[in-house]
Amino acid sequence: MSKSNTKKPLKIKQPPDIYPTKTKAQVTIIFFAIVAMYLYSMNWTQRDMVGDITDAPANMVSVLGKFFPPNYSYWSNIWDEMALTIQMAVIATTIAAIITVPLALLSARNITTFKPLYYATRTFLNLLRTIPDLVLAVIFVGLFGIGLLPGILALIVFSLGILAKLISETIETVDMSPLEAMRASGGGTIQVIWTGLVPQVLPQFTSLVLYVFEINVRASVVLGYVGAGGIGQVLQSQLRYGHIAFPNAMAIIVLIFIVVLVIEYISSKLREALI
Amino acid sequence: MNLTLPPKPKNSLFKKLRAIVITISIIALYIWTFLGIDLDWEKAINKLIQQFDKVIPMLFSPDWSATGEVALTMLETIFIAFAGSLMAAILAVPLSFLAANNMMGKYLSMPGKWLLSAIRAFPDLILAILFVVAVGPNAFAGVLAIAIGSTGMLGKLFSEIIEQIDKDVVQGMQANGANRTQVLFYAVLPQIIPEFLSYAIYRFEVDIRASSILGIVGAGGIGTMIVFASANDNWSQMGTILVGIIVVVTVIDFTSAFIRKRIV
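Residues numbered from 1 in each chain as written. Chains lettered and ligands numbered in written order. Predicted model: local features only at pLDDT ≥ 70, side-chain atom pairs only at ≥ 80, totals over all residues. Heavy atoms only, no water.

In the nomenclature of an unreviewed UniProt entry, chain B is known as Phosphonate transport system permease protein of Salirhabdus euzebyi. Under the heading Sequence similarities (unreviewed entry), UniProt records this for chain B: "Belongs to the binding-protein-dependent transport system permease family." (UniProt positions renumbered as here; feature names shortened; annotations may be inferred.)

In the nomenclature of an unreviewed UniProt entry, chain A corresponds to Phosphonate transport system permease protein from the organism Salirhabdus euzebyi. Per UniProt, chain A has the following entry under Subcellular location (unreviewed entry): "Cell membrane". Check the Sequence similarities (unreviewed entry) section of the UniProt entry for chain A; it says "Belongs to the binding-protein-dependent transport system permease family."

Structure representation (structure tokens):
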């Protein structure tokens, strides 16, 4: 039928690629965009650096050398401040855990069936979580002056956002059938929540509170840097003295490091036991 | 009719003892806390009365003339977070393989795990302080602080992903005679890349928040403006800064959640 009798050259067909060409092109473009943005960012952030980037490692070694050896005898002066830092975290976590209960209930879809209220609480919590802890501390220091109180308040507000979100998500995953059964047999809202919901979420609730306590300890060690009390305040004053006080500063940093590690270890063991 | 409740489950002596120990230590913790903390309420409340009108109304009437400056420093904040989290995402990959049980064996993975948790124990701000001392007060110190700080967390999450991969694929390839490199590229990597990307993007979200405060110790970004605004009692400018942070963080959260949903 066809006029052409020309033999077609034997072609070995490549197996079709798993990924379509379009995806490949997209991935390539995204990859180059990311690299370009990275190079631009690096260029921007280094624009007002004194000296060359190649000097930085040598520089870093010589400056960090001044921090060593840490002056461990300085620890005897800072036990009280370190204790205050942990106490700040304990109080803030406790108060946040109490306030978070109504907020978490209001922002759980399966408990708060009244949609506008649910969305309002959700939005409020999302807004709360966008503000970094130190910014809250700066504002509270502006309001209450330098001291522990602004630090505690900043930690409360900061951890409230995280805790309420995590707990409301836990509440949303509970088994609703016991709650419905109780409601059907005439239980009031409080009764349903207390006997149907609380036993289901209590282990997770405790675990999440411990997790937020870990975050709070970590946050409270730096809050002092803006005048919100605790060990951060001592660290800042030591760094301000310059080179002479660097071993003291390093002693503080080492102490913070140890305390954070110990608290994380205890808290993670407790959480493992709970769930 | 005789109604009785089902018998309560019997607790072992060990469990009872454990509960008692935990209760006592919690009570001790609270006693220690309330004895230790001494708040100067009078001073704080006096200061509050004096400052309230200066701070709260001004926060809610942002100074829009500062918008340009806020936008520029917020851009720098984004650059710091981007460069830092990308560096961290790259650094975390080899570390995560070193810390994964199924790649290194239970005991060989220990040093990697320790290294990662040691990095995580340093708060970002402390790292920033060290890097500011080392490379001077500029945005690059912020990039380094974010990069190192995020490596700890990303490395841990990555190694958990590696530990959860489907072993059947690996064993199937090994049975067919694939060498270690082939197994890595065709069995391990395809399983972990989407989740790695998803976590890296999530970490970028976290780093935006972290890098917005680094300026407090001089490591660039919007934090520098926060320090000046609070030192000058310029709370309407602080309002503008807050609006900037809230808008940028919200937009990036939404975009990142959208991208992550598509990847995984």
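And the narrative resumes.
**Points about the overall build of chain A**
The secondary structure content of chain A amounts to ten helices and zero strands. In chain A, the order of α-helices and β-strands from amino to carboxyl end is α-α-α-α-α-α-α-α-α-α. For chain A, the share of sequence-separated contacts (at least 6 apart) that also reach a separation of at least 24 residues comes to 76%. When the accessible surface of chain A is split by element, carbon and sulfur atoms take 68% of a total near 15100 Å². (Helix = DSSP H or I, 4+ residues; strand = E, 2+ residues; numbered from the N terminus. Contact = heavy atoms within 4.5 Å. Areas by Shrake-Rupley, 256 points an atom, 1.4 Å probe, with all protein chains shown as cover.)

**Some thoughts on the packing of aromatic side chains**
In the structure shown here, the tally under the stated rule is seven aromatic pairs over all chains. Ring plane angle 90° and centroid distance 5.9 Å describe the contact between Phe82 of chain B and Phe204 of chain B, whose orientation is recorded as edge-to-face. Residue Phe82 of chain B is located in helix H3 (residues 67-98), and its partner Phe204 of chain B is located in helix H9 (residues 180-211); the two are separated by 122 residues in the primary sequence. Across the pair, Phe204 of chain B and Phe82 of chain B agree in class, each one buried. Across the ring face of Tyr118 of chain A, the terminal group of Lys115 of chain A is positioned such that the distance to the ring centre comes to 5.3 Å. (Phe/Tyr/Trp six-rings, centres within 6.5 Å; stacked < 30°, edge-to-face > 60°. Buried < 20%, exposed > 50% of the residue type's maximum accessible area, 1.4 Å probe, protein only. Lys NZ or Arg CZ within 6 Å of the ring centre and 35° of its normal.)

**Focus: the UniProt feature "transmembrane region" (unreviewed entry) in chain A**
Residue and element names in this part refer to chain A. Per the UniProt entry, the sites bearing "transmembrane region" (unreviewed entry) are residues 21-40, 82-106, 127-146, 192-213 and 244-266 in this numbering. Across residues 127-146, helical content stands at 80% and strand content at 0%; the span's end C-alpha atoms are separated by 26 Å. Between the end C-alpha atoms of residues 244-266 there is a gap of 35 Å, over a span that is 91% helix and 0% strand.

**Focus: the nonpolar core**
Counting 136 residues, the largest nonpolar core has Ile171 and Leu197 of chain A as its most contacted members. When residues of this core are assigned to their parent elements, the largest contribution, 15 residues, is made by helix H3 (residues 75-106) of chain A. Discounting chain neighbours no more than four positions away, the residues touching Ile171 of chain A are Ala104, Leu105, Ala108, Asn110, Ile111, Leu197 and Val201 of chain A. If you look at the next biggest cluster of nonpolar residues, it comprises 18 residues, including Ile161, Ile162, Ile165 and Val170 of chain B. (Core = buried A, V, L, I, M, F, W, Y, C linked by side-chain atoms within 4.5 Å.)

**Focus: the UniProt feature "transmembrane region" (unreviewed entry) in chain B**
All names here are of chain B. Listed under "transmembrane region" (unreviewed entry) in the UniProt record, and renumbered for this structure, are residues 17-37, 78-100, 121-148, 183-201, 213-231 and 237-259. Between the end C-alpha atoms of residues 213-231 there is a gap of 15 Å, over a span that is 47% helix and 0% strand. Annotated as residues 237-259, this span is 100% helix and 0% strand, and its ends, taken at the C-alpha atoms, are 33 Å apart.

**Some remarks on the pattern of salt bridges**
Considering all chains together, one arrives at eight salt bridges over all chains under this definition. With its nearest N and O atoms 2.0 Å apart, the salt bridge here joins Arg218 of chain A to Glu264 of chain A. Here Arg218 of chain A, found in helix H8 (residues 189-223), pairs with Glu264 of chain A, found in helix H10 (residues 246-274); they are 46 residues apart in sequence, far enough to count as distant. Take Glu264 of chain A: its relative accessible area is 12%, and that puts it in the buried class. The salt bridge partner of Glu205 of chain B is Arg260 of chain B, with a shortest N-O separation of 3.1 Å. Pair noted here: Glu205 of chain B is in helix H9 and Arg260 of chain B is in helix H11 (residues 235-263), with a separation of 55 residues, a long-range link. Under the relative-accessibility criterion, Arg260 of chain B is labelled partly exposed at 23%. (Salt bridge = Lys/Arg side-chain N within 4 Å of Asp/Glu carboxyl O.)

**Notes on the environment of Ile165 of chain B**
Residue and element names in this part refer to chain B. Looking at where Ile165 falls in the secondary structure, it is placed in the loop between helix H7 (139-163) and helix H8 (167-175). Taking relative accessible area as the criterion, Ile165 reaches 10% and is therefore assigned buried. Residues contacting Ile165, with those up to four places away along its chain left out, are Asn102, Met103, Val170, Val188, Gln191 and Ile192.

**Considerations on the confidence of the model for chain A**
Of all residues in chain A, 90% attain a pLDDT of 70 or more, and the chain-wide mean is 81. Averaged pLDDT values over the elements of chain A bottom out at 73 in helix H2 (residues 56-65) of chain A and peak at 88 in helix H6 (residues 148-172) of chain A. (pLDDT = per-residue confidence, 0-100.)

**Quick notes on the interface of chain B and chain A**
Counting residues at the interface gives 62 residues for chain B, matched by 59 residues for chain A. Carbon and sulfur atoms supply 82% of the area buried between chain B and chain A, which totals about 5300 Å² over both sides. At the boundary of chain B with chain A, the tally comes to zero salt bridges. Our enumeration of links across chain B and chain A arrives at four residue pairs in polar contact (both at pLDDT 80 or more). For the side of chain B that touches chain A, the elements supplying multiple residues, two or more each, are helix H1 (13-36), helix H2 (41-59), H3, helix H5 (109-121), helix H6 (124-135), H7, helix H10 (223-231) and H11 of chain B. Of the residues belonging to the side of chain B that touches chain A, the class tally is 49 nonpolar, eight polar and five charged. (Buried area = accessible area lost by both parts, 1.4 Å probe. Polar contact = N/O pair within 3.5 Å; in protein donor to acceptor, adjacent residues only side chain to side chain. Nonpolar A, V, L, I, M, F, W, Y, C, P; charged D, E, K, R; others polar.)

**Quick look at the environment of Leu116 of chain B**
All names here are of chain B. Of note, Leu116 is situated in helix H5. Looking at Leu116, the relative accessible area reads 2%, which means it is buried. Residues Leu116 and Leu72, 44 residues apart in the sequence, show an inter-C-alpha distance of 34 Å. Ignoring anything within four residues of it in the chain, the contact list for Leu116 reads Leu95, Ala99, Thr151, Gly152, Gly155 and Lys156.

**Regarding the packing of H3 of chain B against H9 of chain B**
All names here are of chain B. Two elements in contact, H3 and H9, have axes whose closest approach is 9 Å; the angle formed by their N-to-C orientations is 145°. Like other packed secondary-structure pairs, H3 and H9 cross with a definite hand, here right-handed. Contacts from Thr77, Ile78, Ile80, Ala81, Phe82, Ser85, Ala89, Val93, Ser96 and Phe97 in H3 reach Leu184, Val188, Ile192, Phe196, Ala200, Phe204, Asp207, Ile208 and Ser211 in H9. For the contact of H3 with H9, a count of residues per class yields 14 nonpolar, four polar and one charged. (Axes fitted to C-alpha atoms, helices over the stretch in contact; angles between N-to-C directions. Left-handed = near helix turned anticlockwise from the far one by under 90°.)

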